[in-house]
Protein chains: 2
Amino acid sequence: MKNLVIVNGEISDSISVYDRGLAYGDGVFETVLANNGKCLLWDRHLERLKKSLEQLQIATDELNNLYPVLKPYLPPEAEQVVKIIVTRGNSQRGYAVEADSTPNTLIYITEKPKPVQDWAKIGARAVFCKTRLAYQPSLAGLKHLNRLEQILARLELTGHDLQEGIMRGQQGEVVEGIMHNLFFVKNSELFTPDLSQCGVAGIMRTFIIENCQQLGLPLHIGEVSVEQLLAADEIFLSNSINVIWPICELDGTRFEIGTVTSQLQDMVVEKMYRYG
Amino acid sequence: MKNLVIVNGEISDSISVYDRGLAYGDGVFETVLANNGKCLLWDRHLERLKKSLEQLQIATDELNNLYPVLKPYLPPEAEQVVKIIVTRGNSQRGYAVEADSTPNTLIYITEKPKPVQDWAKIGARAVFCKTRLAYQPSLAGLKHLNRLEQILARLELTGHDLQEGIMRGQQGEVVEGIMHNLFFVKNSELFTPDLSQCGVAGIMRTFIIENCQQLGLPLHIGEVSVEQLLAADEIFLSNSINVIWPICELDGTRFEIGTVTSQLQDMVVEKMYRYG
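Residues numbered from 1 in each chain as written. Chains lettered and ligands numbered in written order. Predicted model: local features only at pLDDT ≥ 70, side-chain atom pairs only at ≥ 80, totals over all residues. Heavy atoms only, no water.

Enquirer: In this structure, what is going on with the overall build of chain A? I would like to understand it.
Expert: What chain A contains, in helices and strands, is eight helices and 16 strands. Relative to its length of 276 residues, chain A is compact, with a C-alpha radius of gyration of 19 Å against a globular reference of 19 Å. Projected onto its principal axes, the C-alpha positions of chain A cover 55 × 45 × 35 Å. Taking all 276 residues of chain A together, the buried fraction comes to 58%. Summarising the internal contacts of chain A: among those between residues at least 6 apart in sequence, 73% fall at separations of at least 24. In the structure as shown, chain A presents an accessible area of about 11400 Å², 48% of it carried by carbon and sulfur atoms. (Helix = DSSP H or I, 4+ residues; strand = E, 2+ residues; numbered from the N terminus. Rg over C-alpha atoms; globule rule 2.2 N^0.38 Å. Buried < 20%, exposed > 50% of the residue type's maximum accessible area, 1.4 Å probe, protein only. Contact = heavy atoms within 4.5 Å. Areas by Shrake-Rupley, 256 points an atom, 1.4 Å probe, with all protein chains shown as cover.)

This is how it looks when you write it as structure tokens:
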């Protein structure tokens, strides 16, 4: 099946020049893994989408139509990435929101790209990025369309054999990867940074948080320093598409792909495919 | 003349769904006042556009074509607003920039809207917004497309008879208006907030800074507190379209439209029309 984009219910390759996603990044997105004809963890993605739109005061009653619209384009046997963008809609120049604006919904369906290497097995190489994340509690956690910090951070990796960059907050504390959330293991306990000031609260992050106790792993969500991270026994990345990638090297320090990460990988993959 | 949009040199009302401005707010914009067939302060706008694109590492050699492309749509006797968006171009999913991506350029030409009242004469009413500006030195000063903070702040004004909201930084210091930069006058001296951590360094702000000495006004650029601002003799807003708007009321406190503001208005308007 070809890659395609569905704009407000119709297959299209264009959107209005008056869209506020273009003008201001005024919208949110979701990236969902589809396998064998269905979107995995769909109700969680839909729930986050609803909450994000509410927080930005974007009202739409089209969300429950998303799945019926995209389902026919998910063939069995395929592994695909479904990216959904919802913007506040079109408007004339100016930040003010017009009372009758209707959100625009874009659904991008692509084949899941085959990575050069199986990073989930061999581990990803990462560095700390120079670009820091700003503290903005009004937007923290949301997967919104204002992503220039991630673009600048990703540009730092250009030309290097690196699969991820680790981003810090303005005070230097560890927050997340450019494209993934971040966890580490120390003495059989699991740690992940708090995201109340910045960062994206990933669906896979939440899924891991909710399921890690099944492996008897105590969990700590809080401030994480560079020193703590570099002293970890294991480090791994998470997102909805790659699920869990161990980190095998961070800023020149080597890390083992440990048993906790491997056990979590097995459990999460099994659960998310069963969960549907 | 009708409102129109020129996309990469051709009149169009749509843009690719793969544009990175839509996906990530990955681009910058300029808003320029055009009068009697020419864009005012054009070389300053072009210079800022170049610098902003450089800072975001967006390379384009199309900038010198902008004026020849838009000039035919600026009739004499008209007052228009020219908004230019330059995005990094199209790409597939993912933050990584493709080596061969070509920036997209959009030029929106609209009639200058007639405000309900002549705010430049009678003064604007404003409040302090709850939404704060995050500190992000990597993006501070740029007129980039990540504008969710301004959208949230502007939503606070919905349903109120207010022409502007004043935005503060994370520490509570005064930074700018949602749509304007901010100046105040105290004891015949001029003050405007420093923008090294957040805010947009407006063309009109710079034009005022460069020309205020002609009126014998000492200028201070630095941190501004809410208390300082509320104790001002005069407050005014600036941007390229509205030029200078006095503030007549801020958070319930009344302000006179003072002689310094009026003198600056006269001088700036005269200079910018002469300057071209």
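Enquirer: Sorry, what's going on with helix α6 (residues 203-211) of chain A here?
Expert: Three- or four-residue spacings in an α-helix give side chains the same orientation, since the helix completes a turn every 3.6 residues. Of all nine residues in α6(A), seven are buried; the element is thus mostly enclosed. Among the residues of α6(A), those classed as buried are A:Ile203, A:Met204, A:Arg205, A:Phe207, A:Ile208, A:Ile209 and A:Asn211.

Enquirer: Teacher, can you tell me more about empty space enclosed by the protein here?
Expert: One pass over the full model with this rule turns up three cavities of 30 Å³ or more. Approximately 460 Å³ is the volume found for the largest cavity. Taken together, 32 residues form the lining of the largest cavity, with A:Ala134, A:Glu149, B:Ala134, B:Leu139 and B:Glu149 sitting closest to its centre. Taken together, the elements giving at least two residues each to the lining of the largest cavity come down to α5 (148-156) of chain A together with α5 (148-155) of chain B. Along the lines of polarity and charge, the residues of the lining of the largest cavity split into 14 nonpolar, 13 polar and five charged. (1 Å grid on protein atoms, 1.4 Å probe; cavity = no way out; pocket = protein on both sides within 12 Å on 5 of 7 lines; lining within 4 Å. Points joined across faces, edges and corners; volume = space filled by probe spheres on them. Nonpolar A, V, L, I, M, F, W, Y, C, P; charged D, E, K, R; others polar.)

Enquirer: Is there a simple way to think about the relation of the copies chain A and chain B in this case?
Expert: What relates the pair of chain copies is a rotation about an axis plus a shift along that axis. Superposing chain A onto chain B requires a rotation of 180° together with a translation of 0.0 Å along the rotation axis, leaving an RMSD of 0.0 Å. Those values place the two copies in the arrangement expected of a two-fold rotation axis. Identified as the residue of chain A closest to the rotation axis by C-alpha distance is A:Leu22, at 2.0 Å. When you check the interface residues of chain A against chain B, 100% turn up at the interface there too, and the contact is symmetric in its surfaces. (Least-squares fit on C-alpha atoms with pLDDT ≥ 70 in both.)

Enquirer: Looking at this structure, how should I read the sheet that holds strand β5 (residues 38-39) of chain A?
Expert: Within a sheet, neighbouring strands are paired by backbone hydrogen bonds and run either parallel or antiparallel to one another. The strand order across the open sheet built from six strands is β2-β1-β7-β6-β4-β5 (chain A), with neighbouring strands paired in antiparallel fashion. Each edge of the open sheet is held by one strand with a lone partner, namely β2 (10-11) and β5 of chain A. (Pairing = 2+ DSSP bridges.)

Enquirer: Please explain the packing of helix α2 (residues 42-55) of chain A against α6(A) as it appears in this structure.
Expert: Each packed pair of helices is defined by two parameters, the angle between the axes and the distance between the axes. All names here are of chain A. Two numbers describe how α2 lies on α6: the axes approach to 10 Å, and their chain directions differ by 120°. Relative to α6, α2 is oriented oblique. By crossing handedness, the relation of α2 to α6 is classed as right-handed. Residues Arg44, His45 and Arg48 of α2 form the contact with α6, whose participating residues are Ile203, Thr206, Phe207 and Glu210. (Axes fitted to C-alpha atoms, helices over the stretch in contact; angles between N-to-C directions. Parallel < 35°, antiparallel > 145°, perpendicular 65-115°, else oblique. Left-handed = near helix turned anticlockwise from the far one by under 90°.)

Enquirer: Would you explain the pattern of salt bridges in this entry?
Expert: Side chains that differ in charge, positive against negative, can pair when their charged atoms come close. One pass over the structure, following the stated rule, counts 20 salt bridges over all chains. Residues A:Glu270 and A:Arg274 are paired through a salt bridge, measuring 2.9 Å at the closest nitrogen-oxygen approach. Of this pair, A:Glu270 and A:Arg274 both sit in helix α8 (residues 259-275), four residues apart, which is roughly one turn of the helix. Since its relative accessible area comes to 41%, A:Glu270 is described here as partly exposed. By relative accessible area, which is 58% here, A:Arg274 ends up exposed. Note that B:Asp233 and B:Lys186 form a salt bridge whose closest N and O atoms lie 4.0 Å from each other. In this pair, B:Asp233 sits in the loop between α7 (226-230) and β14 (234-239) while B:Lys186 sits in strand β11 (residues 181-186), placing the two residues 47 residues apart along the sequence. The partly exposed category is assigned to B:Asp233, whose relative accessible area is 35%. Take B:Lys186: its relative accessible area is 30%, and that puts it in the partly exposed class. (Salt bridge = Lys/Arg side-chain N within 4 Å of Asp/Glu carboxyl O.)

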